Amino acid sequence: MRRRRWMLLVLPVAAGVVIASAATHLVAEQRFSVPELSEDYVPPDVPSPAPRSRTMQYVDVAVLAAFLVVASAAALRFRSRGGLVVLTLLALGYFGFYRRGCVCPIGAIQRVCPVFDVRALVTPDAAAAEAHGLSAERIAEAWRARAGDFAAAETSGRGRDFVLSLWVGPDSKRTLGRIGRERIAPPGDAPPVPLGELVRTEMRPVLRFAHGVPWVIVAFFALPLVATLLFGRTFCAAVCPLGAIQEAVALKPVQLPAWLGHGLGLFAYVYLAAAVLLATTGGGFLICRQDPFVGIFRLSGPVIMLLIGAGVLVLGVFLARPYCRFLCPYGAILRPLSRLSWRHATITPDACIRCRLCESACPYGAIRAPNTGGRPAPRRRGKLTLAALLLVVPVLTAAGAWGGAWLAGRVARMHPTVARAEAVHRELAAHGAVRGDSDVTEAFAGSDVPVDMLLAHGRAVRRSFAWATPVASGFIALVVALKLVSLAVRRRREDYAPDRALCLSCGRCYASCPVDHARRLERKGARPPAELHATD
Amino acid sequence: MSPHDADSANGLTRRDVLRGGCIAGLGAAAGWLLTRDSATGGPAAMRAGAAGGERRVWQIDPSACVQCGRCATECVLEPSAVKCVHAYALCGRCDFCFGYYESRPGSHAGAGAEYQLCPTGAIERRHIEGQHYDYLIDEATCIGCARCVEGCNTFGNGSLYLQVRHDRCLNCNECAIAKACPSQAFRLVPAGTPYLPKGADA
Ligand code: SF4
Ligand code: SF4
Ligand code: SF4
Ligand code: SF4
Ligand code: SF4
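Residues numbered from 1 in each chain as written. Chains lettered and ligands numbered in written order. Predicted model: local features only at pLDDT ≥ 70, side-chain atom pairs only at ≥ 80, totals over all residues. Heavy atoms only, no water.

How should the packing of aromatic side chains be read in this particular structure?
Remark: the centre distance and the inter-plane angle together describe each pair of aromatic rings, the angle taken between the planes. Enumeration according to the criterion identifies 12 aromatic pairs over all chains in this entry. On the numbers, 6.0 Å between centres and 65° between planes, the contact of F221(A) with Y330(A) is edge-to-face. With a gap of 109 residues between them, F221(A) in helix 8 (residues 215-231) and Y330(A) in helix 17 (residues 329-339) connect regions that are remote in the sequence. Neither F221(A) nor Y330(A) differs from the other in exposure class; each is buried. Every member of this aromatic cluster is reached through a ring pair, and the members are F67(A), Y94(A), F95(A), Y98(A) and F220(A). Taking the ring centre of Y510(A) as reference, the NZ or CZ of R79(A) above it sits at 4.0 Å. In this structure, R125(B) is placed above the aromatic ring of Y133(B), and the distance from its NZ or CZ to the ring centre is 3.7 Å. (Phe/Tyr/Trp six-rings, centres within 6.5 Å; stacked < 30°, edge-to-face > 60°. Helix = DSSP H or I, 4+ residues; strand = E, 2+ residues; numbered from the N terminus. Buried < 20%, exposed > 50% of the residue type's maximum accessible area, 1.4 Å probe, protein only. Lys NZ or Arg CZ within 6 Å of the ring centre and 35° of its normal.)

Would you take a moment to explain the pattern of salt bridges for this structure?
Pairing is possible between side chains of opposite charge, provided their charged atoms come close. Residues and elements named next belong to chain A. As enumerated under the stated definition, the model contains 26 salt bridges over all chains in all. Residue D495 pairs with R354 through a salt bridge whose shortest N-O separation is 2.8 Å. With a gap of 141 residues between them, D495 in the loop between helix 21 (451-488) and strand 7 (497-498) and R354 in the loop between helix 17 and strand 6 (367-368) connect regions that are remote in the sequence. You can call R354 partly exposed: its relative accessible area is 33%. Salt bridges sharing partners connect three or more residues here, namely R79, D516, R519 and R520. (Salt bridge = Lys/Arg side-chain N within 4 Å of Asp/Glu carboxyl O.)

Would you mind showing me how to read the site of ligand 1 here?
Residues and elements named next belong to chain A. For ligand 1, the full set of nearby residues is I106, R233, F235, C236, C240, L242, G243, R321, Y323, C324, C328 and Y330. Secondary-structure elements contributing two or more residues to the shell around ligand 1 are helix 9 (234-238), helix 10 (241-249) and helix 16 (322-326). Of the residues assigned to the shell around ligand 1, the class counts are 9 nonpolar, 1 polar and 2 charged. (Near = heavy atom within 4 Å. Nonpolar A, V, L, I, M, F, W, Y, C, P; charged D, E, K, R; others polar.)

Which parts of the structure should I look at to understand the domain arrangement of chain A?
Size of an interface: often given as the accessible area lost when the parts come together. Domain boundaries in chain A define domain 1 (67-112 + 215-345), domain 2 (119-208) and domain 3 (379-488). Distance from the C-alpha centre of domain 1 of chain A to the C-alpha centre of domain 2 of chain A: 49 Å. (Domains from an automatic or database assignment.)

Spelled out as structure tokens, the structure:
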């Protein structure tokens, strides 16, 4: 018994050393034979639980649509803050704790953007071919023959002289490496040459919709946008689980000065641009990774995420809905759409009597006061300012794009492939081999992706950042510039009214308005006090 | 007067036109996205077996996994939705299992619980007959750290391997482990066949 164990240990160790020096991905072969067991032995059962069913996904979309309809009705038609609160709690339960925060429209932004994929183009290397006395056709044929099924669909060549043209994914880098290691014999008695030495492999970023977007994601992304175009941000009022959890804790909200609110609100656009940049370059889903509340919905997650979530909630007691107002990238999209909305929540559907009672009712700073009281600015000066600002828009945008181009290299390091390639490259430069000093390089050394394939992939991803970063930073600068312009343009406001972009249709202000109060009484059959009717 | 009432007095406003444009644009974009979905898939490896527009879920290709341990730490769930799975068709039913016992020389002497590889004790060793044992994984306890998988792959038959378990996995927009996986072992596979079992053909 003892002895047998000892052998069992030593033999496989020896075998392991041999195997490890070969390609490690080789599926471990049967080192020990599967024993013949008695007839009545039944191997343990390994269940294969299925993912969430298709039907349940239809249910999710239907629930979303129903919530949007009811929330819009509650905010605009019934003007019921109580109804909205109940809906909010239901949404928190369904989309938050039951669906555990996934899928949500905010994260769906990242699924509907186009993606830079990398295409590898393999062409015969004329110089190398000549040196070995091989024709380009012979090389192409050898490559195609070995690409086999894997690349069959991708070898079109599109009328040019590629022998292989394939999307770079996990498998293709390995496949290219494997084929590159195989050898063919040149004419005469020269030694066989590795196929990899006879071709040039170029990797190029290509912007496309790569992974197909499931219709559920499209629905989750688009339905709240349509609802907002029709009725304002009723999605934010009572459907979004992230909004709901913040609404639930906004107990002692303070008012922020308007300039601070406007300024902080711009961060949402920075976040949107960063998230789209990373999603587009395949660098990861920032919004999902940094979602402060999913950890709470899932009752699990990295400690740091849970702490950040708790921190945002504590802040949210005093600063109502901080994530919604200053960070949410979906909110950033909803703001301009809500400006265009067909109908929108009002403080009162009747005429405002400018009693100022609602002035501080909105915890989100969304109520705009009338601006017809003061002395109007001289028309000419206003026009000059506007003209100057309009000039500033293209200048600022260009400056932003330039800044992005300058930063692109550093931003690209957020992409895992670039980071991996750089770590491997550094080690290679320092020691002439990938020794696996850091855990990234160690893991890479254990995989069978060839180093040159990784480096080429890294370079291609960097090129996609060189395109995408200036676009993202230019967008941010453009938004800032437009904000300046919009602040300079004085729109005449006669009444107290919600700012359509910022109002979340939460219904808190309804109760503060005496005209609305009177309207309710009237509807209940009581006579409103006469002096509350608008007199002018 | 709400702005809407004021606007509608003079017919179609600029706002109406912009709104119409937005809705039309959204509809067109959504429609286009959806047709793209059925027309094209991802790279060939992803497309393989996936009928047009079929929903896909995350899975680990066990032949690519290098047992780096990130599956235990990177998943948005704690413990991870990745668990060790046992391909019993491949297992040698060893007395000394390299996925069960720590295989440092000398450490096998007692072969007791204290020499177990699994940090959470998720593997149960059950006697079958003679020198043969079954090794059963308790998924509720397993954290997907791959230590047993490494042991079994390096010294044994490689019958232990990691899989995303779909009763736990949230099928995130983008799997957090997939991004961190150094060997890019994660794939999107058709939801109808959500596992990449080892030794299915054995
Ligand atoms: S602004 Fe708030 S409520 Fe609206 S989508 Fe963003 S997180 Fe949700
Ligand atoms: S309905 Fe709009 S304006 Fe009124 S309190 Fe809510 S967010 Fe503020
Ligand atoms: S992250 Fe990848 S390599 Fe590491 S254990 Fe998980 S599947 Fe295996
Ligand atoms: S060693 Fe790790 S992967 Fe294996 S059963 Fe234990 S927890 Fe799971
Ligand atoms: S998709 Fe999400 S839940 Fe599933 S394994 Fe990946 S990170 Fe974990």
